[in-house]
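Letter by letter, the chains look like this.
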Amino acid sequence: MTSLAVTTLQTFLTLVPNALMPRSLFGISRKDDDEDSRSNSLEEVLEKVVFDTRNDTDSLTTRCYGIYGCFSIDQPYFSMARPINVFPLPVQAITPKFCLYTRDYPDVCQRLHVMDPKSIAVSHFKFGKGVKILTHGYLEHGETRWLKKMVQEYLLYDDHNVIVLDWLSGSGPPYTQTVANIRLIGAITGRFILDLRDFFGVSPSHVHMVGHSLGAHLAGYTGEYLKTQDAKLGRITGLDPAEPYFEGTDPIVRLDPSDADFVDVIHTDGGPIITGGLGLASPVGHFDFYPNGGVRMPGCGHHFIDSVAMEQGNIPYGLRRFIGCNHIRSYEYFTESINSDCPFLSIQCASWEAYWRGFCWQCGDDWAKCNRMGAHADSYLNYTGPGSVNTKMYLITGAESPFCTFHHRISVAMSYTREARLHGGDIGVFFVSLFGERGIAHRQQLNLEEIFFEPGNVYTFMIGTPDLGEIKWALLEWTYVTALYNPLTWRFLSQPSVYVNRIIIDSIEMQQSRYEFCGLDQAFRSGTRRKLEPQESCPEQARPPGASILGTIINFDVEDTINNNIDAVNSGLTSLGNGQLLNNLASSANQVAREIMDGARRRMGQERMKWWMANKKMKNRWKDKRWPGMKG
């Protein structure tokens, strides 16, 4: 214990009446107590009760760190998902730094210290204002650009007390040591929040922690520590919580909904670690947001040189963006959401595929199925508090800043004319450009996977665009796609084409806005683009006949079926209280298989398209129904 800390607390206690802060809380007796009690000096008591951070080892699997508690490396912290488990480093080696930023001093770090109330009292901490604690992840520090940007945005939004938690001394390699360190750093942060409560009356329920990657789990450990002290953190925002050593673990090991009154999580890099995914895929909060499905973000995938250019020539930052673009998108989305007029509106849905296929698109009369992703997730329309946990929310973002988009459900109604029925269905992809009073959304792909479009049926998709205002007209395009490995998609005797009756556009952010643009039952050959506008005399839309046997076979999603089966197996394993490792291995294997098949489909489809374009004028081969290279 430092003499400065003791002197500070001694001075503080002499200024505060015993009625307001009883000395008995610190084990200090009054003057009229017996002689033995008076012999216990304030310094001795504080050394024993408050500042004792010695590493007292209780057993081979447990180590104690004074007021910060004892930490076990036994189960559930030791498991097949966490084969290497170590103790946190000593407190002196990883003591974090708390930097306060306010509107009065937005660029100056005002150092605050744990169990040093004077450091808070002499700072420009604004009592009665909100408290935001922001923290980084592995191999980072509190001076990183994105944290400074987030601080600026929060101070622009309101006169908050923004505190940056810098734990650089504990964030270095090896990764397993850092995973252990955040348990202790979380407890230290919890002690700091209790200082705000005990000395200045700031309720922990008014504190909001925002953590990226390992910082998200650190925030969870802070909430866990506060619960042991009969306190509850107000809110935790997890920005793509780290996956290695946390996926499939017991809730006490990772961030979970019990760590705060409200826990919201943004997942942006949820692929398996063996495919480069760095973030958790499983839901761990009250609301779990999965922008663009939560695995691959638009605008990522640039070359290294391009990534460096995006970081103004900074090679270390460029390397980080090149390797972890999906991972860092989470804090880019969150930072933008603080002051954005665009709401980052998300919709509750069972899966990403169900969302982009337009099955989930209505918020309901009370907006109960929608929420805002980001800084204002706790104050969206009609918000009253989280009534459930692990609620999956989906939305679409843009490829570059500003990332927020306005969502539209587009229904493509196929024609059911005699000509359309005689021709039959074809497999391909639709693209649409929307023209509104405030701008243009250029060439948006509707179906993310090729689909067999059949006459009379209606196909729905979700897209995101800039704020277009009232939509005036649309430009629709269809492209034929076939697969070399699937002969059901081959067409020999006629040109591939589809017939469109109309498209219907429902704007999600404006629940009452609907637009209908007529396709006049015209044929769309591969590459055809047509302008669709409102038509009073648009041909009547046919009642959907449903999918044919052929359409069902072609559109059958093997990977989705595998997913459903794995989910069923995982559910059974979970109900038995076992099988977390098998769960992770199965999910990882399925993700790898999906990516391999997606890549193969794209490559074979491209090769098939090149061949078809090169040989479309050779009608004799089409008439003979011969595959190139076949001998009659």
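Before any of the text, the structure's been laid out above.
Thresholds applied
Residues numbered from 1 in each chain as written. Predicted model: local features only at pLDDT ≥ 70, side-chain atom pairs only at ≥ 80, totals over all residues. Heavy atoms only, no water. Helix = DSSP H or I, 4+ residues; strand = E, 2+ residues; numbered from the N terminus. Buried < 20%, exposed > 50% of the residue type's maximum accessible area, 1.4 Å probe, protein only. Contact = heavy atoms within 4.5 Å. Areas by Shrake-Rupley, 256 points an atom, 1.4 Å probe, with all protein chains shown as cover. Pairing = 2+ DSSP bridges. Axes fitted to C-alpha atoms, helices over the stretch in contact; angles between N-to-C directions. Core = buried A, V, L, I, M, F, W, Y, C linked by side-chain atoms within 4.5 Å. Phe/Tyr/Trp six-rings, centres within 6.5 Å; stacked < 30°, edge-to-face > 60°. Lys NZ or Arg CZ within 6 Å of the ring centre and 35° of its normal. Parallel < 35°, antiparallel > 145°, perpendicular 65-115°, else oblique. Left-handed = near helix turned anticlockwise from the far one by under 90°. Nonpolar A, V, L, I, M, F, W, Y, C, P; charged D, E, K, R; others polar. Salt bridge = Lys/Arg side-chain N within 4 Å of Asp/Glu carboxyl O.

Quick notes on the overall build of the protein chain
Then, number 1: Along its length, the protein chain carries 16 helices and 23 strands.
Then, number 2: Across the 632 residues of the protein chain, 52% fall into the buried class.
Then, number 3: Long-range pairs, those at least 24 residues apart, make up 72% of the contacts in the protein chain with a sequence separation of at least 6.
Then, number 4: Surface accessibility of the protein chain: about 29,400 Å² in total, with carbon and sulfur atoms responsible for 54%.

Regarding the sheet that holds strand 10 (residues 260-266)
Then, number 1: Strand order in the open sheet formed by 11 strands is 5-4-7-6-8-9-10-11-14-12-13, and the pairing between neighbours is mixed. Both edges of this open sheet fall to strand 5 (110-112) and strand 13 (370-372), since each of them pairs with a single strand only. Across the sheet, the mean angle separating the axes of adjacent strands is 25 degrees when strand polarity is ignored.
Then, number 2: The pairing of strand 4 (residues 97-101) with strand 7 (residues 161-166) spans 5 bridges and is classified as antiparallel. Its bridge partner lying in strand 7, L100 is registered against I163.
Then, number 3: This element, helix 6 (residues 145-157), spans strand 4, strand 6 (131-135), strand 7, strand 8 (207-212) and strand 9 (233-239) of the sheet and lies at about 165 degrees to strand 6.
Then, number 4: Set on the sheet, helix 10 (residues 315-337) makes contact with strand 8, strand 9, strand 10 and strand 11 (287-291); between it and strand 8 the angle comes to about 145 degrees.

Brief notes about the nonpolar core
Then, number 1: Among the nonpolar cores identified, the biggest contains 55 residues, and Y68, I163 and F246 are the most heavily contacted of them.
Then, number 2: Sorting elements by how many residues they give to this core places helix 7 (residues 175-200) first, with 11 residues.
Then, number 3: Among all residues touching F246, those that are not within four sequence positions of it are R82, Y175, V179, I182, L214, H217, Y221, V253, R254 and L280.
Then, number 4: Y101, C363, Y394 and M462 belong to the second-largest nonpolar core, a separate cluster that totals 47 residues.

Focus: the sheet that holds strand 22 (residues 514-525)
Then, number 1: If you trace the 4 strands from one edge of the open sheet to the other, you get 19-15-21-22, paired in antiparallel fashion. Looking at strand neighbours, the two that pair on one side only are strand 19 (458-465) and strand 22, the edges of this open sheet. The sheet shows a mean angle of 25 degrees between the axes of neighbouring strands, taken without regard to direction.

Brief notes about unusual backbone geometry
Then, number 1: Of the consecutive residues Q75 and P76, the connecting peptide bond is found in the cis state with omega at 5 degrees.
Then, number 2: Here P76 is to be found in the loop between strand 3 (70-72) and helix 4 (91-94).
Then, number 3: In the segment running from S401 into P402, the intervening peptide bond is cis, with an omega of 0 degrees.
Then, number 4: A positive phi angle, close to 35 degrees, is found at R443, a residue other than glycine.
Then, number 5: With respect to the helices and strands, R443 occurs in strand 17 (residues 440-445).

Some points on the packing of aromatic side chains
Then, number 1: Throughout the structure, instances matching the rule amount to 22 aromatic pairs.
Then, number 2: One aromatic cluster in this structure is built from F125, F127, F199 and F200.
Then, number 3: Note that R421 overlies the ring of Y416, its terminal NZ or CZ placed 4.9 Å from the centroid.

Side note on the packing of helix 6 against helix 10
Then, number 1: Packing of helix 6 against helix 10 leaves a shortest axis separation of 11 Å and a crossing angle of 20 degrees. When the axes of helix 6 and helix 10 are compared, the pair comes out roughly parallel. Taken as a pair, helix 6 and helix 10 cross one another with a handedness that is right-handed. From helix 6, R145, W146, K149, M150, E153 and Y154 reach across to helix 10, where they touch Y317, R320, Y331, F334 and T335.
Then, number 2: Taken together, the residues of the contact of helix 6 with helix 10 sort by class into 6 nonpolar, 1 polar and 4 charged.

Here we look at the pattern of salt bridges
Then, number 1: Summed over the entire model, instances satisfying the criterion amount to 20 salt bridges.
Then, number 2: Two residues, D467 and R438, come together in a salt bridge whose shortest N-O distance is 2.7 Å. Of the two residues, D467 sits in the loop between strand 19 and strand 20 (471-480) while R438 sits in the loop between strand 16 (426-436) and strand 17, which places them 29 residues apart along the sequence.
Then, number 3: Since its relative accessible area comes to 33%, D467 is described here as partly exposed.
Then, number 4: Salt-bridge contacts for K531 lead to E533; the nearest nitrogen and oxygen are separated by 3.7 Å.
Then, number 5: Salt bridges sharing partners connect three or more residues here, namely R191, D195, R197 and D198.

None of this, on its own, says anything about what the molecule does.
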